[in-house]
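Geometric and topological summary
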Amino acid sequence: MSKRLVIADDEPITRMDLREMLEAAGYNVVGEASDGFDAVALCRKHLPDLVLMDIKMPLLDGLNAAKIIQNENLASGIVLLTAYSGKEFVEKATKVGAIGYIVKPIDEKSLIPSLEVAISKSAEIKKIKIDIEKACSKLEGRKVIEKAKGLLVQRDKITEQEAYDQIRTLSMNKRCSMGDIAEAIIMSYE
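A short tour of the structure in this document, coming up. Here the residue index of a chain counts from 1 through its sequence in written order. Totals for whole chains, interfaces and linings use every residue, but because this is a predicted model, local features are given only for residues with pLDDT of at least 70 and side-chain atom pairs only at 80 or more, for both listing and counting. The side-chain quantities take in all heavy atoms of the structure and omit both hydrogens and water.

**Section: the environment of leucine 139**
Comment: elements are numbered from the N terminus, with helices defined as DSSP H or I runs of at least four residues and strands as E runs of at least two. Relative to the helices and strands, leucine 139 resides in helix α5 (residues 108-156). It is 34 Å that separates the C-alpha atoms of leucine 139 and glutamate 91, two residues lying 48 residues apart in sequence.

**Structural notes on the pattern of salt bridges**
Side chains carrying opposite charge are able to pair once their charged atoms draw close together. A side-chain nitrogen of Lys or Arg and a carboxyl oxygen of Asp or Glu constitute a salt bridge if their distance falls within 4 Å. Here the structure, examined in full by the defined rule, presents 15 salt bridges. Across the salt bridge formed by aspartate 54 and lysine 104, the nearest N and O atoms sit 3.4 Å from each other. Here the residue aspartate 54 occupies a position in strand β3 (residues 50-54), and lysine 104 occupies one in the loop between β5 (100-103) and α5, the gap between them amounting to 50 residues. We call a residue buried when its accessible area falls under 20% of the maximum for its residue type, exposed when it is over 50%, and partly exposed in between, using a 1.4 Å probe and counting protein chains only. On the basis of relative accessible area, aspartate 54 is assigned to the buried category, the value being 5%.

**Notes on a positive patch on the surface**
Each patch is built from residues that are more than 30% exposed by relative accessible area and take part in no salt bridge. Like charges join if they lie within 9 Å; nonpolar side chains (Val, Leu, Ile, Met, Phe, Trp, Tyr) join within 5 Å. The Shrake-Rupley method, run with a 1.4 Å probe, gives the accessible areas here. Residue values count only the displayed protein chains as cover. Residues scored as positive are Lys and Arg, those scored as negative are Asp and Glu, and His as well as the terminal groups of each chain are ignored. Note that the charge is assigned to NZ on lysines, CZ on arginines, CG on aspartates and CD on glutamates. A contiguous patch of positive charge on the surface is contributed by Lys56, Lys67, Lys92 and Lys95. Within the secondary structure, lysine 56 sits in the loop between β3 and α3 (62-71). Judged by its relative accessible area of 43%, lysine 56 is partly exposed.

**Remarks on the pairing of strand β2 (residues 28-33)**
The criterion for strand pairing is that DSSP finds at least two bridges linking the strands in question. Two elements, strand β1 (residues 4-8) and β2, share five bridges in a ladder whose sense is parallel. Each residue of the ladder has a partner; that of leucine 5, found in β2, is valine 29. With helix α1 (residues 12-24) bridging β1 and the parallel β2, this β-α-β connection has right-handed handedness. A crossover gets the label right-handed when its path from the first strand over the helix to the second runs clockwise, viewed with the strands pointing away from the viewer.

In C-alpha cells form, the structure reads like this:
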C-alpha cells in the first residue's frame, strides 16, 4: 500500500512540484493545503502517514498547525519544509514534534530518502506509543485487581491467593475480564 501524504504550502507551484515528485515515487497525495487551517482539516479527514508542511503560511503557520496535528494524533509524522535553516526554527520544529526538517529548494534526490526515513521513524514511534498505552492500561487493570483483592482479604479474612482465585473464577463464570469483576467488587465497598 502506498503511503498517504498531505502537502501544505502557500505556494501553488511548490505544491505542484512536490505532488509530481511524490506521485512519481509512488506516494499517494491525498490532499493539498495552502495554509495551516486547511492542513489540519485535511489531516482530520484523511489521517495521513505523513504531512509535508511549510513553516511560513498565512492564517495558521506550519509550526502551530503541527502542534494541533500532533496533539490530536491526526498524522503519523510531520516533515517541515522551509527556506529557513536558522537554529531557532529547527528548535521550534523539534518542540512541535516534527520528524523531519527539509530546507528549500527541494530536490527529489534528498526529498525521497528523507521521507522514507521519516515514515519509518514515525511508524516506530507510533508502535512505541501503542505499546505504552497497552502497558499503562494493563498497569491500571492490575491496580484495580490488587485493590479488589485487598478488599476481599480484609472482608473475608482470606489469603491474597484465595482472593485472586475468587476474582478469576468469577471472571470465567461471568465471561468478563478480571478488571470488570474487580471494579464491581470495589463499587460494592463504596
